[in-house]
Amino acid sequence: MRIRTALAALPLVALAGCGLTGPDSYGTDERKVTVEAGDEFTLEVPASPSLGENWYLAEPRPDSAVLRYESKGEDFEGGDKGVTGSGKGTQQFEFTAVAPGKTTVKLLYCPHGLCHSAAEVTASPSPGSSASPLPVTTAAETDTPDDTDNPTYYLYTITVS
């Protein structure tokens, strides 16, 4: 009986090693990432758009000779019906490692609807306007989105071997 069970599980173990589980995913707690050329991976960050929390890929973009930006995705769960802001989820930034090298991915976290794009944060106010650009900080290695109420840059160092 044990041999039959072990043999039945063998194909599942073999398939798990073939990359069928999808690309690796890294959150805000793991900002030094090492991958191999050809690998696909995702930067996955917590977000709640119903509370105005969003993330954007900021300038400067990663070195395209080392890393290719593929797409942005979202995955959200609905919260309690009728309760604004009770849903939670993630936003994903998908990349492919192109060639050996090192580059930086700069993600902008915008809480409370304070900004609607990375360009908005870095833009100068229009002439004659009394508005000032939004203050933006850069997160420390141990900072999480829960640590701030201001737009914040999260820097990921990506090494491709």
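The structure presented is a predicted model; accordingly, all values stated were derived computationally and were not measured. (Residues numbered from 1 in each chain as written. Predicted model: local features only at pLDDT ≥ 70, side-chain atom pairs only at ≥ 80, totals over all residues. Heavy atoms only, no water.)

Participant: Describe the sheet that holds strand β6 (residues 88–97), listing the residues and the values that go with them.
Facilitator: Here we have four strands laid out as an open sheet, ordered β1-β3-β6-β5, and mixed in their pairing. Single-partner strands in this sheet number two, and they are β1 (24–26) and β5 (67–77). Shown here is a sheet whose adjacent strand axes are inclined to one another by a mean of 25 degrees, direction ignored. Examined bridge by bridge, β1 and strand β3 (residues 40–47) share three bridges and lie parallel to one another. (Pairing = 2+ DSSP bridges. Helix = DSSP H or I, 4+ residues; strand = E, 2+ residues; numbered from the N terminus. Axes fitted to C-alpha atoms, helices over the stretch in contact; angles between N-to-C directions.)

Participant: Any details on the side chain of T96? Residues and values, ideally.
Facilitator: Tracing the backbone shows T96 in strand β6. A polar contact is formed between the side chain of T96 and the side chain of E70, at a distance of 2.8 Å. Ignoring anything within four residues of it in the chain, the contact list for T96 reads G38, D39, E40, V66, L67, R68 and E70. (Polar contact = N/O pair within 3.5 Å; in protein donor to acceptor, adjacent residues only side chain to side chain. Contact = heavy atoms within 4.5 Å.)

Participant: Please set out the nonpolar core residue by residue, giving values where relevant.
Facilitator: The tendency in soluble globular proteins is for nonpolar side chains to be buried side by side. Judged by nonpolar contacts, the single largest core of 22 residues is most densely connected at L43, V105, L107 and I158. Put simply, the parts of the chain that give this core at least two residues each are β2 (32–35), β3, β4 (54–57), β6, β7 (101–110) and β9 (152–160). With sequence-adjacent residues up to four places away left out, I158 is seen in contact with V33, V35, F41, L67, G101, K102, T103 and V105. Among the nonpolar cores identified, the runner-up in size contains eight residues, and A58, L108, C110 and Y153 belong to it. (Core = buried A, V, L, I, M, F, W, Y, C linked by side-chain atoms within 4.5 Å. Buried < 20%, exposed > 50% of the residue type's maximum accessible area, 1.4 Å probe, protein only.)

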